[in-house]
Each structure stands twice: as C-alpha cells, then as structure tokens.
Amino acid sequence: MASERIAIARLPPIGPIPRNTKKGINKKPKYDGLNGPNYQMNGSKYNLPEPNSLKPYVDTNAGSLETWPAHATGQIGSGTSVGLTKNKDLVVIDDEDLGKPQIIPKPRFLEQLESFLKKEIRSLGVVDVSPSELRLQAHREVFEYLIEDFKTYKPILSAIKNEYEMFVAHQREQLRQMEPLRQMLVTVSEQCDQKIMALRDQEKQDMVDLKKENSTLFKRISDMKNEQKDLQSQVAKLQEELAAEYLKYRDECDARKLLVSDINDLRYQQEDIAMAKQGMKELEEEEIDPVTMRIALKKAREDEASASRRLNEMVANYGDVIPRRDFESLEKKHIALEETLETLRKDFGILEQEHASLLDVHKQVTQQRDEFYAECETLRRSATPRPDWEKCADHVTKWKDLSENKTSNQLVDVLLNEIAGGSMGAADATENFEGRGTEEGVPEHLRFEGEVRNRKIAKRDCALLVQDIWKEKLESDNQCTDGTRRSMPDFVAQYLKRIFGLEQMVIEWGYNLHDACERYAHDERLGTFYGILTGDVDEEVYHSQVNMMSQLADHLKKTDNENGGQNFLTKDNFKTALQQFFPDTNEETVTAFIQAAEQELDAKEMENIEYLNLFMVDDEGRTGLFLDEIKKQLRQDRMNYIDEIKIELANVSQGDRVEPNDVKRAITSVDPEIDSQQLDAYLSWAFKCKKDEIDQAEGGDIEQICERLRNGNIKRIGKKLTP
C-alpha cells in the first residue's frame, strides 16, 4: 500500500540541533502532562527548545510535507527502478546489475537525527558502546525531538519515556542506598582478613609448641617402653628363680618325708629285734614245747591271713584317697564356708524379720491409702475442682518462681497483678536493657555500651522470629560444601544485620530476642534455641530431631509404597513400621505412639491412619501430639542413658571429680558398641575442648559433666545391657 511507503513528518532543522546539556550527568526528567519532559540539572530547570528554535528560517507551525521515498528519485540515475523484496522492503534495482539491489536512502529527518546523535557522542567522548550517562543523555535528547515532532504519538511516547525514566531513577536510588552496605562489607572483609591472619599466626606458634610437646612425649614414650622391657626381663628372671626355689622346696619336702619314714622303719626294726632277742632269751630259759610251738605257728598264720586281708581291704578302700596336705586345705576351706554360711543364715534371719515388719507397715500404709483415697473422692465430689495453674506458665514470665509455695488466693492475686501491669509476662520488665559491653567474650549481637530499648515482644512474635532464623540457618548450612556449621551467635548477628540493616536496630532486636527466649524458656522450642544461643545446649540436638522426623517420614512413605502407595497406612502396618524404626522400644511405648497419632488425627474409630498429616508444622514450628510423644520418649531414653553413665562414674572415680579417662571408661562400660569417633565427640562436648585436646583437658565435677552430657546430642549407640 502507498501508506506503507510514505512517511509524513516535519523536517528537522537544517543546522546542528542545539543541545540541552551541561557538565554533569545526573539529569532526571520530569513530566508536566503532555507538554513534554524537562530536566533538572545542578538545581536548575531546563526545558527543551521551542520548535521555533529548531527551525529558525522555516515555518514550523504549519509544518512541511515530505514524501518518502519520492525524494530519493533525485538520487536515482538512469537505468534504475524501485521495487519491493519478498519481505516488502523498498529497494532500488539497477538495470545493469539486476542481482544486486540497493537499499533506498533513509528519510531526511532520520538521517539528520542519526547525524546529530553521532556528533553528540563524538563531542562528549563516549564513542565506545558501553553503559554511560553521557550516551544516555544524547539518546534522551534525540528521543525528545522525536516525541516533539510526532504530535499524534506524543502522549504514548511520553508515557513510555516517563516509565523508563522513573525506573532508572529508582535504580539510582537503590544503588545510592546500597553504597553504605558495600563500604560496610569492605570494612568487615578487612576485619575478617585481619582476624584470619592473627589466627594463622597464633596457629603457627601453637603448631610449633605442639610439635615440641609431641617430640617430648615421643621421647618419654620411648623411655617408658625401654623401662617396660627392663621390667619384663626382670620379671622373667624372677619367675625362673622362683620356679627353681619352688623345685628345691619340693625336693627338700619329699626328702624330709622319706627321712622320717626311714627313721620310723629303723625304730620299728630296732623294737622288733629287741623283742626277738627277748623272746629268744625267754625260749632259751624255758623248755621248748612242741605243742606250744604248733599253737603259736597256727596263731601266727591266722594273724598273717588277717593282716593280709586287712591290707587288701585298706588298698581297695583307700587307694584313691587324697593326700593329707590337700585334705587339710579342703578342711580349712570347709570350715570357712561353714562360718560364712552361718553368718548368712543370721543375716537372712534378720532380713526375714525386717521383711515381715515391712509387710506389716505396707499393709497399714495400704489401708491408710485406701482410706485417704475414699476421703479424697468424697471431697472431690463435694468440692470445687482446682484450676490448672500450670497453664499460666505459657503466658506469664517466671510463673514457676512467682507461684512457688502460694495458695490459690495468692495465685489469683499474682495473676491479677500480671494482668494489671500490662502484657502478660512483661509486667516486671524494665523499659531499657543495660548493654553488656564490647569485650570479645560478649556475643556479637549483644556487643553494645549503653541502654537498649525493651520492646517486650510477645511469645508468638519470638517464636516466628526463631522459626525464620532456623529456616535460613538450615539453608545456609546446606550451602557449606565442607559440612561445617556456623555457630548460632554469629549467624544471628549476620541475620539481624541483613534484616534490619541499621546497627541500632540490630542491637535492639538482638537484646529483645535474647530476653524473650529467656522469658519463654519453659517452652521446649524456645528453650532449646536459647540454650544453643548461649552455648549451653549442643546445636546437634535440634538437627538430630529434624533428621529423625525426616527419616521417620521416609520410612513410613516406603512402607506405604510397599503396600500400594495410597498415602495412608492401616494401624497394623503403622505399628509394624514404628517397631522397625524403633527396634529397641518396648510394646508399651509403641502403643503410646499410636494412641498419640489417633488422638491427633481423631482416628480412634478409623482403621487407617493418614501418616503425612502427623508431620505438619505450624508457622511457629510446633509439631503435633505424635511427634511430641516421640521426642519426649527419645529425651527420656537420653536421660536414662546419662543416669547410667553417672552411676558408672561414681564407681570408677575416686571422688566427686572425674577425668576424661574416667568418663571414657564409664561410657564404654555402659555402651560397649560405641565407636571411638563418637566417643571423642561426646568427650569433646563434655569437657569443652577439641577432639585432639581431650587427653590434656582438665577434669570436672560429676554433676557438671553429667549436666553437659544432658544438654548434648548424646544417645546410646548399641543395645542396652541387661543386668
């Protein structure tokens, strides 16, 4: 169509277009309706030149008509013609060279605008194509002339330029606001570099000292090994000498017995010889009677037969009899055992009497208990039920201290005073906190000198802030490639700086967060966070709970997939899955888990359990009854485990103070299946030292060590030993 090839526009000025520029780049366009933009530079307002100034010798009110590309006919010679390409582009075709069409020259207005733009860019010295305020100003002026010339499109073009200018101004404001943060980041980076260099210098000196100490210890170990070898050789030599002396003693003992036997035989022989000589004398003196001799011979034969018979009986009866020495030893043991048995019989008699007395006392106590229970039931039916004052602990700070040893009337007065004093839990709070100072031992988010405003934040606000901190810290820890975690005080300081920006706001919210967590420490979630923030509780306790809940959810999901994947489990399958996940838990505990799940889902009358709903968490991070019951049971198991360690520590220690080796023996005695790496982690937390410094760590009180273990991520590795 002809309208596609003809452009009607007012001719641009013949001479150079006057520039509305001065030194300085920060020009911000402002719009006054449809009258076009003006610029604010260095505090002065500059409008665009009037149309008359653009064409001093041309009538700009009526405008002039330019037929394009008809003006190009004067530039086209003979043998040329104008045609359209497939893309409907207007081109000049040379008759002599039909295969090389030439593009029609541009409109004069466009050529003059491009020429003006090039001159401006060259004069400003920004020929290179790169982001520049001067190049932007030159293009802005060209665009302004274009807007002024096209009256029909002036409103929409002005609106478009206005939007771009507003966005550019907004971006400049954002950059101006970010400049202090960049400077602060550079300062913090320099401080961190200085700290790192100082730590490296300190570590170098520590390494030198440790190497010296290591060489000294190696030398000491070598000396002790040599001494041990000497002692072993001495022990071996003494054993050989003892064996030789014992052999001599045995030989001497046997020789003595043989000598005694020979002496007895000689004595008996002498007696026999003497008796024989005496008998011979008597026979010689008396006359020999054959009858008497016959009778004596018969009697001697009978005595010989009797002696042989008795000898055979003795050999048969006492051939396996033990020696007298062993008999005497056994006899002594028998006498000692009889004495012990007699003592035990007496003790048993005393215990039996005490048991009978205790049975009588138990019978009386049982009877009194039944009477008191009946009386209590009677009073309960006739009296008004007592309120549950423990519910106030969720809303009133230090309720346990305020309500200790007080009657119901006094508790009502305390509650009314708390309500009349303002928000619950903040009645006794001061208006300002006192700064803790700027020493190195003070956490970074509490380093301040002076007074800090007390915002008295509520429990829900504190819980929401803590939940957001945990969320961002988990994301930050997951981004660490080396698997380490940043300490909670350092992360809280960085979090508050990123959220609030101003140092005063960071300190103010740091103190208020610390105070709120301390006031609401009776809540398990806030109490755990407060303990981690102060360093009294191991952060791994929280991560262990999170990992446990995630693993339990995955295990239930796996069980569900094995049974069809319907996003619910039957109660039997649910119970089996819990028993598989908690193999060391008894039947009663698993039943308590199932009852908590049924109560949370209100599914006592239902056959299926929608297990996914058990892992829902609200905006404050609170879990349901099911997960609370599991965490309660795991916490109880940890307390029982530490109580066993405490009992074992009392047995292995010499007093109230224990050393790392004592704790190590106690833990390995209670949990023999624990590995060395996990054991070192427990000892490192208990004695507040690194794993490679456990042997040099100072001992501590048993109660203090056990309290540290209770606040750490301590759990039984192997199965519980049965007594």
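Scroll up a little and you will see the structure.
Here we summarise the structure given alongside this text. These figures come from a predicted structure and were not determined experimentally.

Considering helix H9 (residues 459–479)
- When the terminal C-alpha atoms of H9 are compared, their 31 Å separation across 21 residues agrees well with the 30 Å that a helix rising 1.5 Å per residue should span.
- Taken as a whole, H9 has its buried residues at Lys459, Cys462, Ala463, Leu465, Val466, Ile469, Trp470, Lys473 and Asp477. The arc enclosing the buried residues of H9, seen along the axis, measures out at 160°, which places them on a common side. In this structure, H9 carries Lys471, Asn478 and Gln479 as exposed residues pointing more than 90 degrees from its buried face.
- At its buried positions, H9 is contacted by helix H10 (488–500), helix H11 (503–519), helix H12 (524–534) and helix H13 (540–562).

A look at a positive patch on the surface
- Taken together, the side chains of Arg250, Arg256, Lys257 and Arg325 present a region of like positive charge at the surface.
- Position of arginine 256 among the secondary structure elements: in helix H4 (residues 154–285).
- Judged by its relative accessible area of 58%, arginine 256 is exposed.

A word on the pattern of salt bridges
- One pass over the full model with this rule turns up 31 salt bridges.
- As a salt-bridge pair, arginine 172 and glutamate 133 come within 2.5 Å of each other at their nearest N and O atoms. Of this pair, arginine 172 sits in helix H4 while glutamate 133 sits in helix H3 (residues 133–149), placing them 39 residues apart in sequence.
- Overall, the relative accessible area of 14% leaves arginine 172 in the buried class.
- You can call glutamate 133 partly exposed: its relative accessible area is 25%.
- Here lysine 646 makes a salt bridge to glutamate 703, at a shortest N to O gap of 2.6 Å. In this pair, lysine 646 is assigned in helix H16 (residues 625–652) and glutamate 703 in helix H19 (residues 702–710), connecting sequence segments 57 residues apart.
- Lysine 646 gets classed as partly exposed once you look at its relative accessible area, which sits at 25%.
- Exposure remark for glutamate 703: the relative accessible area of 43% places this residue in the partly exposed category.
- One salt-bridge network, held together by shared partners, links Lys473, Asp477, Arg485, Glu539 and Glu540.

Side note on the side chain of histidine 555
- Looking at the secondary structure, you find histidine 555 in helix H13.
- With residues up to four places along the chain from it excluded, the contact list for histidine 555 reads Ala577, Gln580 and Phe581.

Looking at a nonpolar patch on the surface
- A surface patch of nonpolar side chains, amounting to about 460 Å² of accessible area, comprises Tyr153, Ile156, Ile160 and Tyr164.
- On the secondary structure map, isoleucine 160 appears in helix H4.
- A residue is classified by how much of its surface remains accessible, and isoleucine 160, at 38% relative accessible area, is partly exposed.

Some details on the packing of H10 against H12
- Contact geometry of H10 with H12 gives a least axis separation of 7 Å together with a crossing angle of 100°. As the angle between them shows, H10 and H12 are arranged roughly perpendicular. Across the interface between the two elements, Met488, Pro489 and Val492 of H10 pack against Phe529, Ile532 and Leu533 of H12.
- Residues belonging to the contact of H10 with H12 are distributed by class as follows: six nonpolar, no polar and no charged.

A short note on the environment of alanine 138
- Secondary-structure assignment places alanine 138 in helix H3.
- Sequence-wise, alanine 138 and leucine 117 are 21 residues apart; in three dimensions their C-alpha atoms are separated by 6.4 Å.
- Contact partners of alanine 138, with chain neighbours within four places excluded, come to Leu117 and Glu120.

Section: the packing of helix H17 (residues 660–670) against helix H18 (residues 676–686)
- It is the contact of H17 with H18, at a shortest axis distance of 11 Å, that shows an interaxial angle of 130°. Regarding the angle of H17 to H18, the classification is oblique. By crossing handedness, the relation of H17 to H18 is classed as right-handed. Here H17 contributes Pro660, Val663, Lys664, Ile667 and Thr668 to the contact with H18, which in turn contributes Leu679, Tyr682 and Leu683.
- The residue makeup of the contact of H17 with H18, split by class, is six nonpolar, one polar and one charged.

As for the nonpolar core
- Counting residues in each nonpolar core, the largest one holds 26 residues, and the members touching the most others are Cys462, Val466, Ile469, Met488, Val492, Leu513 and Phe529.
- Secondary structure elements with two or more residues in this core: H9, H10, H11, H12 and H13.
- If sequence neighbours within four positions are ignored, methionine 488 has contacts with Ile469, Trp470, Lys473, Phe529, Ile532, Leu533 and Glu539.
- Grouped together as the second largest cluster of nonpolar side chains are 23 residues, Val670, Ile705, Cys706 and Ile714 included.

Some points on the packing of aromatic side chains
- By the definition in use, this model includes nine aromatic pairs.
- An angle of 10° between the planes, with centres 5.2 Å apart, marks the rings of phenylalanine 500 and tryptophan 509 as stacked.
- Taking the relative accessible area as the measure of exposure, tryptophan 509 reaches 18% and is therefore buried.
- A connected cluster of aromatic rings, assembled from ring pairs, spans Trp470, Phe529 and Tyr542.
- One cation-aromatic arrangement involves arginine 708 over tryptophan 685; the distance from NZ or CZ to the ring centre is 3.8 Å.

Conventions we followed
Residues numbered from 1 in each chain as written. Predicted model: local features only at pLDDT ≥ 70, side-chain atom pairs only at ≥ 80, totals over all residues. Heavy atoms only, no water. Helix = DSSP H or I, 4+ residues; strand = E, 2+ residues; numbered from the N terminus. Expected span 1.5 Å × (residues − 1). Buried < 20%, exposed > 50% of the residue type's maximum accessible area, 1.4 Å probe, protein only. Arc of directions from axis to C-beta. Contact = heavy atoms within 4.5 Å. Patch = residues over 30% accessible without salt bridge, like charges linked within 9 Å, V, L, I, M, F, W, Y side chains within 5 Å. Areas by Shrake-Rupley, 256 points an atom, 1.4 Å probe, with all protein chains shown as cover. Salt bridge = Lys/Arg side-chain N within 4 Å of Asp/Glu carboxyl O. Lys, Arg positive; Asp, Glu negative; His and termini not counted. Charge placed at Lys NZ, Arg CZ, Asp CG, Glu CD. Axes fitted to C-alpha atoms, helices over the stretch in contact; angles between N-to-C directions. Parallel < 35°, antiparallel > 145°, perpendicular 65-115°, else oblique. Nonpolar A, V, L, I, M, F, W, Y, C, P; charged D, E, K, R; others polar. Left-handed = near helix turned anticlockwise from the far one by under 90°. Core = buried A, V, L, I, M, F, W, Y, C linked by side-chain atoms within 4.5 Å. Phe/Tyr/Trp six-rings, centres within 6.5 Å; stacked < 30°, edge-to-face > 60°. Lys NZ or Arg CZ within 6 Å of the ring centre and 35° of its normal.

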